[in-house]
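# Coordinates in review
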Amino acid sequence: NAGVTQTPKFQVLKTGQSMTLQCAQDMNHNSMYWYRQDPGMGLRLIYYSASEGTTDKGEVPNGYNVSRLNKREFSLRLESAAPSQTSVYFCASSRQETGDEKLFFGSGTQLSVL
Amino acid sequence: QKEVEQDPGPLSVPEGAIVSLNCTYSNSAFQYFMWYRQYSRKGPELLMYTYSSGNKEDGRFTAQVDKSSKYISLFIRDSQPSDSATYLCAMSPTGNQFYFGTGTSLTVIP
């Protein structure tokens, strides 16, 4: 059981370049999330998707777009990367049923924007 | 004021010690409480999950929730060098919202 799978694991971009981070989960979870983690800032929510076909902004959505492609897949796109987007990005998923509010994370994407 | 406060440490203890990690929170709507362990350059791994108040034990780990004081704790007994990691607390009311502490860095010295 793979859980939450993210690709790529590492990426270096130049300012202004674009890229898409891919995420897939095989746990049949309803909700999926994208977080960024920066030193001293903890995990901050970028976007989330409560179910297939819906997406909502989190705490730090500026400069990002997302697509919930189907129940399994949730991608994060940087249209024009900026150095402030240098961070570690985590995808996560949860079943989102009352009494089962557990969040499971992928292994992360380390992104550097030069 | 942040929703969740967690002492960042770092915390350094000798092998075999009892470790106590803590978080406080301000939102009385939180009902679900989690502890995650994160090794360097890895994703957070769910360690303990508790609903409402009370204690939960799993091997060397015990999670405590005191909703009246808005305080949660994670105790690690007989700590091992393999426990060296950053520990994140997380909380949730019902819904899609999860609130995280900034993490406490723990080193267990052999």
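Let us look at the structure shown here. (Residues numbered from 1 in each chain as written. Chains lettered and ligands numbered in written order. Predicted model: local features only at pLDDT ≥ 70, side-chain atom pairs only at ≥ 80, totals over all residues. Heavy atoms only, no water.)

Before going further, it helps to spend a moment on the state of the cysteines. Here a disulfide denotes a covalent bond joining the sulfur atom of one cysteine to the sulfur atom of another. Tallied over the full model, the rule gives 2 disulfides over all chains. Across a sulfur-sulfur distance of 1.9 Å, C23 of chain A and C91 of chain A are joined as a disulfide pair. Across the S-S bond of C23 of chain A and C91 of chain A the torsion is about -75 degrees, and the bridge reads as left-handed. With C23 of chain A in strand 3 (residues 19–25) and C91 of chain A in strand 9 (residues 87–94), this pair connects stretches of sequence that are 68 residues apart. For C23 of chain A, a relative accessible area of 3% translates into the label buried. On the basis of relative accessibility, which here comes to 0%, the residue C91 of chain A falls in the buried class. A sulfur-sulfur distance of 2.0 Å marks the disulfide that ties C23 of chain B to C89 of chain B. Judged by the torsion about the S-S bond (-100 degrees), the C23 of chain B/C89 of chain B disulfide is left-handed. You can see C23 of chain B sitting in strand 3 (residues 19–25) and its partner C89 of chain B sitting in strand 9 (residues 85–92), a full 66 residues away along the chain. (Disulfide = S-S within 2.5 Å. Helix = DSSP H or I, 4+ residues; strand = E, 2+ residues; numbered from the N terminus. Buried < 20%, exposed > 50% of the residue type's maximum accessible area, 1.4 Å probe, protein only.)

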